[in-house]
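In case you want the letters, here they are:
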Amino acid sequence: MVHIRVVRAKTIIYYLVLAVVIGLITFFCYQLIAKVSRGVPFVVSNGGGNPAGEGRQLYLKVLDKLNDPRNILAYQMPFLSGISAKDGVSQEVAVETSASRGEPTQRQTEQNIDAPEVFLKHDPDMSEEIKIEISKIKDDLGPITLTGEGPQVLIYHTHSREAYRPDNQNPYKEVEAFRSNDLNYTVVKVGEELAKHLQAKGIPVIHDRTEHEQGDHSTAYQRSLETIKKRMEEYKSLQIFIDLHRNAYQPGVKNPDDEVIVIDGQRVAKLFVVIGTGEGYVGGFSEKPNWKENYKFALRLTNKLNELYPGIAKPVYVKPSRYNQHVSTKAILIEVGSNLTTLEEAKRTAKYLAEALSQIIE
């Protein structure tokens, strides 16, 4: 007798669905790896980068992304791109970083102001499209004219507790490595110097000393954005926005002399400008900055600084984060000095930064 085996329709559907799911996961993984492999960290610089280490960094970046299935899904389904690693709250994800000479150092994450932040281990790669666009940008900003009455420049500090290398003139108490609760010993003091020198040159300035970290510097950009909005409501005349920082802590032994130049026999901390594109890590920001115009402003300032004081300004650094630079076409983040420089060396920089600003502003 011939036995006929009956296969239920449910069983057939189950195996078909399973095959489709496996195929989709395989495809998504391939697409994610292909996307990651297309980019390398980008610094607008004549130097920097570490070709020997790029392969390992890429390998670690791929592993990091594949460890979280949300990244695989988000790449193909953008509406999932902002799921929080902590509590599943929808948000837009980007990474804040700062760097010098092509060596990125981790800043904390910046998020949409309506959502909590997520700490990400690796900086995102700059897309090839952005790299090409940057290479075409020239200093054709035109004259920068301050018109009308009222303050024209806002100086503020998203990471207000960033402090410098302790010395006899700066004996602060650390709450973390190179951070202090006493704003008289942090980058806020550098902002005070910058405001003083700009005012002396006839440029009306507001220096906002609001402490935005409040024990959690990972969410500081949300709070500093609120400060910016408040000041813009109070003073419609504001045109230029400067978020003043100290370059992020860099572990390892380095030579402090590399972080300064000597002007008139005094050690002066180097600086550089950071511009965010708002491109983001996964999904980006719904409200992106006009980063090309901000970049032109940064480029003009950097060129003027090095024209007046050769070597004081490192190359402009461009990252996919936003840094609240969507508020203006003249919004920049400036890193003055680092954990290797002293507060006094950074305060001296403020004088020369003010001079360069005054010369590019009409």
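Residues numbered from 1 in each chain as written. Predicted model: local features only at pLDDT ≥ 70, side-chain atom pairs only at ≥ 80, totals over all residues. Heavy atoms only, no water.

With that out of the way, let us pick up the overall build of the chain. Scanning the chain from N- to C-terminus turns up 8 helices and 12 strands. In the chain, which comprises 362 residues, the proportion classed as buried is 53%. Counted over contacts in the chain with a minimum sequence separation of 6, partners at least 24 positions apart contribute 77%. (Helix = DSSP H or I, 4+ residues; strand = E, 2+ residues; numbered from the N terminus. Buried < 20%, exposed > 50% of the residue type's maximum accessible area, 1.4 Å probe, protein only. Contact = heavy atoms within 4.5 Å.)

A word on the packing of aromatic side chains. By the definition in use, this model includes 3 aromatic pairs. Ring plane angle 75° and centroid distance 5.2 Å describe the contact between Tyr-14 and Tyr-15, whose orientation is recorded as edge-to-face. For the residue pair Tyr-14 and Tyr-15, the accessibility class agrees, reading exposed in each case. Taking 4.7 Å as the distance between ring centres and 65° as the angle between the ring planes, the aromatic pair formed by Tyr-309 and Tyr-352 counts as edge-to-face. You can see Tyr-309 sitting in the loop between α7 (291-308) and β11 (317-319) and its partner Tyr-352 sitting in helix α8 (residues 343-360), a full 43 residues away along the chain. Tyr-352 matches Tyr-309 in its accessibility class, with the two residues each being buried. (Phe/Tyr/Trp six-rings, centres within 6.5 Å; stacked < 30°, edge-to-face > 60°.)

With that settled, consider the pairing of strand β3 (residues 153-156). By the alternation rule, side chains of β3 split into Val-153 and Ile-155 and Leu-154 and Tyr-156, which are all buried. Direction of pairing for β3 relative to strand β6 (residues 205-207): parallel, over a ladder of 3 bridges. Note on β6: the bridge partner recorded for Val-153 is Val-205. For β3 and strand β7 (residues 240-245), the ladder comprises 4 bridges, and the chain directions are parallel. Paired with Tyr-156 across the two strands is Asp-243, which belongs to β7. (Pairing = 2+ DSSP bridges.)

The complete set of buried residues in helix α4 (residues 128-136) reads Ile-130, Lys-131 and Ile-134. Summarising the axial view, the buried residues of α4 lie within an arc of 100°, below the 170-degree limit, and thus occupy one face. More than 90 degrees from the buried face of α4, the exposed residues found are Glu-129, Ser-135 and Lys-136. Tucked into the core, α4 has its buried residues touching α7 and β11. (Arc of directions from axis to C-beta.)

The final tally for this structure, using the stated rule, is 19 salt bridges. The partner of Arg-231 in a salt bridge is Asp-208, and the shortest N-O contact between them spans 2.8 Å. One end of the pair, Arg-231, is in helix α6 (residues 220-234); the other, Asp-208, is in the loop between β6 and α6, with 23 residues separating them in the sequence. In this structure, Arg-231 and Asp-208 share a single accessibility class: buried. In this structure, the salt-bridge partner of Glu-259 is Lys-314, at a minimum N-O distance of 3.1 Å. Remark: Lys-314 occurs in the loop between α7 and β11 and Glu-259 occurs in the loop between β7 and β8 (260-263); sequence separation between them is 55 residues. This pair shows no difference in class: Glu-259 is buried, exactly as Lys-314 is. Each of Asp-140, Glu-293 and Lys-296 takes part in one network of salt bridges that share partners. (Salt bridge = Lys/Arg side-chain N within 4 Å of Asp/Glu carboxyl O.)

This brings us to the environment of Glu-174. When you line up the elements, Glu-174 lands in strand β4 (residues 174-176). You can call Glu-174 partly exposed: its relative accessible area is 41%. In this structure the C-alpha to C-alpha distance between Glu-174 and Ala-163, which are 11 residues apart in sequence, comes to 8.5 Å. Polar side-chain contacts of Glu-174 include one of 2.9 Å to the backbone nitrogen of Phe-178. (Polar contact = N/O pair within 3.5 Å; in protein donor to acceptor, adjacent residues only side chain to side chain.)

On the basis of which strands lie adjacent, the open sheet formed by 6 strands has the order β6-β3-β7-β12-β10-β11 and mixed pairing. At either end of the open sheet lies a strand with only one pairing partner, and these are β6 and β11. Taking each pair of neighbouring strands and ignoring which way they run, the sheet shows an average axis angle of 25°. (Axes fitted to C-alpha atoms, helices over the stretch in contact; angles between N-to-C directions.)

Turning our attention to the environment of Gly-311. By the element assignment, Gly-311 lies in the loop between α7 and β11. Here the alpha-carbon distance between Gly-311 and Val-262, two residues 49 residues apart in the chain, equals 9.7 Å. Residues within four places of Gly-311 in sequence aside, it is in contact with Ile-261, Lys-270 and Asn-306.

Turning our eyes to something else, we now look at the confidence of the model for the chain. Mean pLDDT over the chain works out to 77, with 70% of the residues at or above the 70 mark. Long-range and interchain partners of residues 35-124, a stretch whose pLDDT sits below 50, account for 220 contacts in this model, where long-range means more than four residues apart. (pLDDT = per-residue confidence, 0-100.)

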